[in-house]
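# Per-entry structural report
Spelled out from the first residue to the last, the chains are:
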Amino acid sequence: MDAILRDKAEQLAKEIAGSISTQKDLSDLMRLMTKSVIEKILDVEMTGHLGPRPSRLAMAAADSSALVQGIAERDATEAEVVDDAKPAGRNRRNGKSFKTVQGESGKLTIATPRDRHGTFEPLLIPKHERRLAGFDDKVLALYAKGMSTRDIQELVKTLYDVDVSPTLISSLTEALDEEVKAWHTRRLEAVFPIVYFDGIVVHVRGASGHVAQHTVYVALGVNITGHKELLGLWLAETEGAKFWLSVLTDLRNRGLSDIFVACVDGLAGFPDAIRAAFPQTKVQLCIVHLVRAALRYVEDKDSKAVVRDLKKIYQAATLIEAEQALETFAQAWQSQYPTIVKTWRTRWTDIITLFDFPPPIRKAISTTNAIESVNSVIRKFTRNRKIYPNQESALKITFMAIREASNGSSQLDPSRSLYVSCFD
């Protein structure tokens, strides 16, 4: 809204404030203003369609000329029929038609101008459209938050006095299928310096009616401009390196040819799957996952000391200092917790990748916290939906949840990629 329009709105608010005493008065006024503004805009659209209004003398002359010309053409070509010919005479307004539309202000009866030739195509509210722009998005947002169709019906009826049928909600969500498909098959940039991989567990009802845990596989990339982009969502019954390999293959088929660093949790076999798909990629294991896994073997009385000594390893300034810290840790804890020492030594190659980079990059790749924030968005918007009816629904609602979150907090580009600052 520009400054002039804002000033006019504020002036109008001052003029009518004294006449408003209840919420109902304000609601009725907003409905009336919405209706009036819509009809004024439609009138402006019709004026643009027909052109400036001519004077009465010019209109009479034009009509007489058109009548004479029409009679002559009729006599000359009476038997000839041209399907796409426009009606004879000058096009002009031809009254108005009325229709009821649904929107945030409830039901509104709108008068839409008509023209004699029937060629006017309104842009604000297209022909046959019965819902105002933004209304469908709000219904979808409620659906993405996990509300049932019955809950949406009741809420919309209470807030807007608008009846929303289950069929309408289904048709709106089905319309997203092509959008989800286009997003999931879109071409990717050839190079992503950093890609985070993780999974989130959901419950899905299978064809047999049995409910089982499924994993939504999530890939979040950092592009060469330092921004994050959600690369895709996949669904399988369990999280495993074999399915992750199929995810990586899909990314390659969509144009991704190189990843500098892949950040993952401690899933066994996952680093090997990454190297099979992207041989030049370096793997960085999430330090948080490693520490949590180590603490499973530690008694409560030793946990703080173990965490302190592990921190000396991954927070070392150089690789040499990290190796020395690992040896010190082994000398101190080998006898009590040999499994921790063995695990860190076995995975050492994928732990020390962060030492190839300066501190700001180390901070970005040492954990999978970046993708955990995406997972938290999914959980937040879908926590009310305990069970998904099928796999397609689970993926679609997850996509809708991320899209809804991005509309409120960050920028969503036309290719449906979620962007936020890498180093926020």
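Below is a short write-up of the structure. No experiment lies behind these values; they were computed from the predicted model shown.

## Some points on the environment of D177
Examined against the element boundaries, D177 turns out to sit in helix α7 (residues 176-184). On the accessibility criterion, D177 (37% relative accessible area) is partly exposed. D177 sits 215 residues away from E392 along the chain, and the two C-alpha atoms are 9.1 Å apart.

## Quick look at the sheet that holds strand β4 (residues 211-222)
Across the sheet, five strands lie side by side as β5-β4-β3-β6-β7; this open sheet has mixed pairing. The open sheet has two edge strands, β5 (228-236) and β7 (282-285), and neither has a second partner. Mean inter-strand twist for the sheet, computed between neighbouring axes without regard to direction, equals 25°. Strand direction decides the pairing type here: strand β6 (residues 258-264) and β7, joined by four bridges, are parallel. Counted as the bridge partner of A262 is V283 from β7. Here helix α9 (residues 270-277) sits on the sheet and contacts β3 (191-205), β6 and β7; the angle it forms with β7, its principal contact strand, is near 160°.

## Some thoughts on the packing of helix α12 (residues 319-333) against helix α13 (residues 338-346)
At their nearest, the axes of α12 and α13 sit 9 Å apart, and the two run at 160° to each other. Regarding the angle of α12 to α13, the classification is roughly antiparallel. Handedness of the crossing formed by α12 with α13: left-handed. The segment α12 lies against α13, with L326, E327, F329, A330 and W333 engaging P338, I340, V341, W344 and R345.

## Side note on the pattern of salt bridges
By the definition in use, this model includes ten salt bridges. With a shortest N-O distance of 3.7 Å, R275 and D272 are connected by a salt bridge. Linking R275 with D272, this pair stays in helix α9, spanning three residues, or about one helical turn. Here R275 falls in the partly exposed class, since its relative accessible area comes to 31%.

What counts as what
Residues numbered from 1 in each chain as written. Predicted model: local features only at pLDDT ≥ 70, side-chain atom pairs only at ≥ 80, totals over all residues. Heavy atoms only, no water. Helix = DSSP H or I, 4+ residues; strand = E, 2+ residues; numbered from the N terminus. Buried < 20%, exposed > 50% of the residue type's maximum accessible area, 1.4 Å probe, protein only. Pairing = 2+ DSSP bridges. Axes fitted to C-alpha atoms, helices over the stretch in contact; angles between N-to-C directions. Contact = heavy atoms within 4.5 Å. Parallel < 35°, antiparallel > 145°, perpendicular 65-115°, else oblique. Left-handed = near helix turned anticlockwise from the far one by under 90°. Salt bridge = Lys/Arg side-chain N within 4 Å of Asp/Glu carboxyl O.

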